[in-house]
Structures are given as C-alpha cells and as structure tokens.
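Each chain, letter by letter, is given below.
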Amino acid sequence: MAEITASMVKELREKTDAPMMECKKALTEAAGDMAKAEEILRVKLGNKASKAASRVAAEGVVAIHISADGKLGAIVEVNSETDFVAKNDDFLAFSRNLAEIVAQSNPADVAALSVASLAGSSVEETRQALVGKIGENMSIRRFARIAAKGRLVSYIHGGSKIGVLLDLVGGEEQMGKDIAMHIAASKPKSLDATGVPKELLDTERRIAIEKAREAGKPEAMLEKIAEGTVQKYLKDVTLLGQVFVKAEDGKQTIEQLLKAKSASIAAFTLYIVGEGIEKVVNDFAAEVAAQAAAAKK
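Residues numbered from 1 in each chain as written. Predicted model: local features only at pLDDT ≥ 70, side-chain atom pairs only at ≥ 80, totals over all residues. Heavy atoms only, no water.

Novice: Quick rundown of the packing of aromatic side chains? Include the residues and the values.
Specialist: Overall, the coordinates contain 0 aromatic pairs when judged by the stated rule. Arg142 extends its terminal NZ or CZ atom over the ring of Tyr271, reaching a point 4.0 Å from the ring centre. (Phe/Tyr/Trp six-rings, centres within 6.5 Å; stacked < 30°, edge-to-face > 60°. Lys NZ or Arg CZ within 6 Å of the ring centre and 35° of its normal.)

Shown next, in the form of structure tokens:
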C-alpha cells in the first residue's frame, strides 16, 4: 500500500477544503491516487470537494481585438506577477497590441507570436524591454483567433480579468452583448454537449452511481439515476443549456432565446486570468524566521 504522507493530505485538503481526516481516509482508499481521492471526496461531500477548480491565483489581463467589420478577432491572456503591474498602462497597451497581431497575423502558437513584429522590434524583444522597465516578469500564456461566420461581439469584465469573444450569427448586437455577459457570469465549458470532454461525463456518471448506491437505491435504478445526473450536468455547463441570466421568467435558456430571435452562436471563447494556475503563496512569518535562522548559522 502506498504511504500516505502529511504533504499529500495537505495537498488534497487545499484542493478540496475537506476535513483532514476525510482527506487521509480518501487517500488511503485511493492508494495514494490524488485524482481518485478527490473523486471519493466528491461522492461523500458533494461539489464542495471540487472548489479548487475555480481558484484563480495568477495576475494579468485578457485583451481582445476585433476588426472594424466585426469579422475577425482575437483574445489573448498575458500574465504578470502582481495586480499592480496588470494595471500598468504600458502592460495594457502591450496586451492590446498582441491581440491585434494575433487577429491580423494568425500565429500558430505563442512561440510564433513571440517572433512577430511589433513597432520595429519582435514581440519577445518588446516583452523583455517592458520587463526591464517595469521590473517584473510577464508572460504570454494563450490566445485564440476567430474568423466569424456572423459577427464578433466581446465583453470584458472585472478590470480585464475575464474576457469573452463571441461569434453571433443573426440576431441583434445587444443580444450578443448580453449573451457574452452571460458567458462571463455563468462560465460554460462548451457551446453544447459535443464540446464536453468524455472523461468529465464519465466522472459525473461514476459519482452519481456511487452516491445513489450509498443512499440505498436499487442497483437496477443506478444507470437511470446517473443518466439523469449527467443530463443535468450538461445543462449546467453548456451555453445552450444554461438559463439566460437576464431571462424575465427565470426559465428561458440561451438556446430558446436564440431560437426566438432566429439567431445562433457559431463559437465562443472565454478566458479567465490565471484559470488553472496555482500561484505559490509565501508565508511571510515563516520566511522571516527562516532568514533569521540562516543568519544565526
């Protein structure tokens, strides 16, 4: 049996916010498999055990560029070490320039973007100069480019911490802006069920079955219960299945809204600054104590 260390328990607790003893039990049951242990906790404790998935630690901004005709656009995330730098005018201008370059030049990846031309220098040279000027590291994390089937609509929220780029076919521009705002608020994983990874659905199905089994439901009902859970999950995480945040009746879904307006969504991209990045948090008191101990030696 794999040894369950204190650091493993601590890591699982930070990910799930579950009690330490529950974390240790889950790790023991999972033979040290962190992902499996997290799944076990979700069965026992519900979605509270997956709260770490929404933690955002890194700083930076999301920038968007859309061509004048609304047919071509790009969204880019640029990270910085602190929020102070994320508000710096030069940093913001650099980020906006990157979005424009992506839209116009269509680089294959971040490496290709880094060698693209920007004001007589390369993007990478400009970045290094900015690092030297501001005194803090910054990096280009990701970008996406959309050639619209309809017209592009965007929304930036929270001091450029959340950005949405939406390809709306038909319908009114204001509706597109409202939907982009909805995406920023509701954070769908995909447009419809076809965009949800199979492994996520498999995980939801397993958890539903185990929860139903622990609740004493008959074995013959488990698959039906799991399928119902998966369908509810899809409504929660797909844009078309979500209830529109501005629905007057509190029931109209995005799909119903679009149908009523003879419109559709070809694609959307949602970026949240630092999503999925774990940032090291320094314990200042411990750091000072360590320095003092080192000085004595």
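Picking up where we left off.
Novice: Would you mind going over the pairing of strand S7 (residues 162-169) in detail, with residue names and values included?
Specialist: The two faces of a sheet get side chains in turn, since along a regular strand they alternate between them. Most of S7 is tucked away, with 7 of its 8 residues classed as buried. Where strand S6 (residues 151-157) and S7 come together, 7 bridges link them in antiparallel fashion. Bridge assignment links Val153 to a residue of S7, and that residue is Leu166. Note that S7 and strand S8 (residues 264-272) share 8 bridges and pair antiparallel. (Buried < 20%, exposed > 50% of the residue type's maximum accessible area, 1.4 Å probe, protein only. Helix = DSSP H or I, 4+ residues; strand = E, 2+ residues; numbered from the N terminus. Pairing = 2+ DSSP bridges.)

Novice: Explain the packing of helix H2 (residues 20-29) against helix H3 (residues 34-45) to me, using residue names and the numbers behind them.
Specialist: Two numbers describe how H2 lies on H3: the axes approach to 8 Å, and their chain directions differ by 125°. When the interaxial angle is binned, H2 and H3 end up oblique. With respect to the hand of their crossing, H2 and H3 are arranged in right-handed fashion. Here Glu22, Cys23, Ala26, Leu27 and Glu29 of H2 lie close against H3, whose contacting residues are Met34, Ala37, Ile40, Leu41 and Lys44. Here the residues of the contact of H2 with H3 are counted per class, giving 7 nonpolar, no polar and 3 charged. (Axes fitted to C-alpha atoms, helices over the stretch in contact; angles between N-to-C directions. Parallel < 35°, antiparallel > 145°, perpendicular 65-115°, else oblique. Left-handed = near helix turned anticlockwise from the far one by under 90°. Contact = heavy atoms within 4.5 Å. Nonpolar A, V, L, I, M, F, W, Y, C, P; charged D, E, K, R; others polar.)

Novice: Can you tell me about the sheet that holds S6, naming the residues and giving the values?
Specialist: The strand order across the open sheet formed by 3 strands is S6-S7-S8, and the pairing between neighbours is antiparallel. Strands with a single pairing partner mark the edges of an open sheet, and in this sheet they are S6 and S8. Ignoring strand direction, the axes of neighbouring strands in this sheet form an average angle of 15°.

Novice: Explain the side chain of Glu136 residue by residue, including any values.
Specialist: With respect to the element layout, Glu136 can be found in the loop between helix H7 (123-134) and strand S5 (138-147). Among the residues examined, Glu136 registers a relative accessible area of 10% and is labelled buried. Of note is the side chain of Glu136, whose polar atom sits 2.5 Å from the backbone nitrogen of Thr82. Once residues lying within four places of it in the same chain are set aside, the contact partners of Glu136 are Ser80, Glu81, Thr82, Val85 and Val131. (Polar contact = N/O pair within 3.5 Å; in protein donor to acceptor, adjacent residues only side chain to side chain.)

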